[in-house]
Amino acid sequence: MFITYLLRELRRRMRQAIFIAAGLALGVGLVITVTAASDGVSATQGTVLRSLYGVGTDVTVTQSPTAGSGGGTRFNFGGGPPGQQNAGTSFSRDILAGGGMGTIKSSSVTTVSGLKDVSGAAGALVLNDVKLSGTVSAGGGQPGAQGGSGSGSAGSGGGSVNSSSFTVTGVDPAHDALGPLSSGTVTSGHNITTAESDSNVAVVDSNYAKAQNLKVGSSVTVAGKTFGVIGIVQAAQGESSANVYIPLARAQALANMPGEVNTIYVSAASAADISAVSSEISRALPSATVTTSSNLASEVTGSLSSASTLANSLGKWLAVAVLAAAFGLASILTMSAVSRRVREFGTLKAMGWRSRRIIRQIMGEALVIGIVGGAAGVGIGYGAAALVEALAPPLTASTASTASGSGGPGGRFARAASSAHTVSVHLTAPVTLGAVALAVVLAIAGGLIAGSLGGWRAVRLRPAAALARIE
Amino acid sequence: MYRLTDVTKDYPKGRGVVHALQGVNAVIGDGDWLAIQGPTGHGKSTLLQILGALDRPTSGTVELNGQDLTGLRESQLTKVRATSIGFIFQTFNLIPTLSAQENVEAALVPLDVDAGQRRERARQALAEVGLGDRARHLPSELSGGQQQRVAIARALVKKPGVLLADEPTGNLDEGTRDEIMTLLEQLWREHGLTLVTVTHDSSVARRAQRIAIMRNGLLTVRDSAPHGT
């Protein structure tokens, strides 16, 4: 009788039931979509942070350049004092420079790796290889050049000057699980081994290799030295990578920076220790800049940050508002339906039906509507999440560079981990079982709330008053 | 048997009070048929609701088979309604989404009768009122007279001692009215029911053993029906 009565009543109020279920479905679908988008944004943030850091890295240590240090990269042009070279004299220089980052003693890597709560540390040297070539025109002068990748400009001498640059990072092959190469995938050849620590070997980023037509077995010139390409590495999605990786020892030697690094990649023993590790490093290296993932996350800007704000703030409140409206609508319509059935319930009471049996009947009807709305909402949520994945434009994230250094071109520094990176990532919107469970719970809750209010109204009816009601 | 002693019922209305019943005293014996007549708004339906344990008097006592209904809790009154009292209404009050059979079965739900027995008893009750072939019809597919027959079957399927009818023929044409009253009279005799009908229709009232007039909240037994018992 319960089921028969319930189904017949729902069939009689089909349009109203569909309307209520649609409202609940919309609210539930929105909750799933927003939850999925929020999860996607979180995952994307994780991807961004990993790409900015490197897999396994929890903390990076850099050093601000001291005031006045880091002046423009100097090129030593032979053939006489500047301004006294003869017109038509050709010149060509290829140098490796630090690119404006402060340096840290290699011994600091050992210091950091020995700290409590630190599971590993690796030093790296982030450099720029700058090539200048050309001829001196009448009037002479020493061509000048600024560090920085990829730019070419005439020097002050006014001669014909060609310049090119690419980024080079010296990596420690003894710690390849940490640092700039840790998140990449070697697609051809192999990574630098400890046996190749002092060899002129290079691993080249896949995009740079494609642009320069390099492959394993090719050679690349770094600071005038020929390096054999032993591997091609593909950076992880969204990762900003160096163009060429060479052994740290060779980078130090060619940049004339023996015993120095400019970035230390650190992994903590556990995620809970990151804050402690940060403090320990700050104590051990007071002048160093220590950056953790949470620092970096707070500095992430761009459309990813906007998407995060949108998902977490507007999306959350929009979902709550729609869900509240759906609950309110369901409750009002259920109470309205109860009002129209006052005589029916009065008759049932006159026949000896207990109030709780009538409440059960009303709640059963509301619950079925809630479950149908929930099921439809799950479908809507999956569909909307798929649409978000398909239609969302790529998100970009940038970490701000800090202009606190000084000293001309070299004084502009960026944190090593962030290095004013901008990465582009595709937003995913994964629908989790937890979100589906939440949706089902919300839909059932919506049904129960509406049913409870309807039942409460029915119970308050005195049978005599209910029977006297004129319909 | 009903015994009513000094029963009053007051309703608040605006800032005042309506005295619907002003000291009703009556005895309705087992198997009696009492018809209550009177002008609209003079307390007929209020008295019927109090007899049916649908409402409580403001003062006085209402005894049914020696049990004072005014002292019972709501759940106990519900049980009395479920087991001992059947109702028939002017507007039939059938559940529109349930078939004739299911409407009759609904009266057995509070008694926790198992589904099979419920179906069988409902089928028999419908056959008794001449609607054995209309069991699967919805109320909207039945005439007014047929709907009232279903309502009578629903009231009697649980075999109550008391049948209370509020204007049972108020919505029926003359021919159907006579059919329904003939049926009620037949069932009253066969089941030995205590039957109380509220009606405006004197031809309906005249079928009862006794006629009482309700005026200004006071009940006066005024006449006896010609056929008596």
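This text follows the structure it describes.
Counting starts from 1 at the beginning of each chain's written sequence and moves along it residue by residue. Numbering of ligands from 1 and lettering of chains from A proceed in the order in which they are written. Local features in this predicted model are restricted to residues whose pLDDT is 70 or higher, and side-chain atom pairs enter the listing and the counts only when it is 80 or higher, whereas totals over whole chains, interfaces and linings include all residues.

Here's the deal with the interface of chain B and chain A
And then number 1: Across the contact, 19 residues belong to chain B and 18 residues belong to chain A.
And then number 2: Only DSSP runs of H or I covering at least 4 residues are called helices, and only runs of E covering at least 2 are called strands; the numbering of each starts at the N terminus. Sorting the residues of the side of chain B that touches chain A by element identifies helix H2 (74–84) and helix H3 (100–106) of chain B as the ones contributing at least two each.
And then number 3: For the side of chain B that touches chain A, the element with the most residues is H2 of chain B, which contributes four residues. Each residue is represented by a C-beta atom placed from its backbone, and any two residues with such atoms within 7 Å are regarded as in contact.

With respect to the pairing of strand E9 (residues 225–234) of chain A
All names here are of chain A.
And then number 1: As paired strands, strand E6 (residues 185–189) and E9 are joined by four bridges and run antiparallel to one another. In the sheet register, Thr 185 faces E9, and the bridge partner there is Gln 234.
And then number 2: At least two DSSP bridges between two strands are required for those strands to pair. Here strand E7 (residues 201–205) pairs with E9 via five bridges, running parallel. Paired with Asp 205 across the strands is Val 233, a residue of E9.

Re helix H4 (residues 115–128) of chain B
Residues and elements named next belong to chain B.
And then number 1: Take the number of residues in a helix, subtract one, and multiply by 1.5 Å to get its expected span. Taking 1.5 Å of rise per residue, 14 residues should cover 20 Å, and H4 covers 20 Å from first to last C-alpha, within 8% of that figure.
And then number 2: Buried-residue contacts for H4 involve H3 and helix H5 (144–156).
And then number 3: Backbone geometry just after H4 places Gly 130 at a positive phi near 85 degrees.

What about the packing of H5 of chain B against helix H6 (residues 174–191) of chain B?
All names here are of chain B.
And then number 1: Throughout, an axis means a line fitted to C-alpha atoms (over the contacting stretch in the case of helices), and angles, computed between N-to-C directions, take values from 0 to 180 degrees. Contact pair H5 / H6: the axes reach a minimum separation of 10 Å and the direction vectors enclose 15 degrees. The angle between H5 and H6 falls in the class roughly parallel. Like other packed secondary-structure pairs, H5 and H6 cross with a definite hand, here right-handed. Residues Gly 144, Gly 145, Gln 148, Arg 149, Ile 152 and Leu 156 of H5 form the contact with H6, whose participating residues are Thr 176, Glu 179, Ile 180, Leu 183, Leu 184, Leu 187 and His 191.
And then number 2: Each residue gets one of three labels, nonpolar for Ala, Val, Leu, Ile, Met, Phe, Trp, Tyr, Cys and Pro, charged for Asp, Glu, Lys and Arg, and polar for the others, Gly among them. For the contact of H5 with H6, the class distribution of residues is six nonpolar, five polar and two charged. These descriptions rest on fixed angle ranges, namely under 35 degrees for roughly parallel, over 145 for roughly antiparallel, 65 to 115 for roughly perpendicular, and the rest for oblique. Crossings are assigned a handedness: left-handed for a near helix turned anticlockwise from the far helix by less than a right angle, right-handed for a clockwise turn.

Comments concerning the sheet that holds strand E2 (residues 16–28) of chain B
Residues and elements named next belong to chain B.
And then number 1: Spatial ordering of the open sheet is given by E2-E1-E4-E5, a layout of four strands whose pairing is antiparallel. Since the sheet does not close on itself, it has two edges, and those belong to E2 and strand E5 (67–68), each with one partner.
And then number 2: Examined bridge by bridge, strand E1 (residues 2–13) and strand E4 (residues 59–64) share five bridges and lie antiparallel to one another. Within the sheet, the bridge partner assigned to Tyr 2 lies in E4 and is Leu 64.

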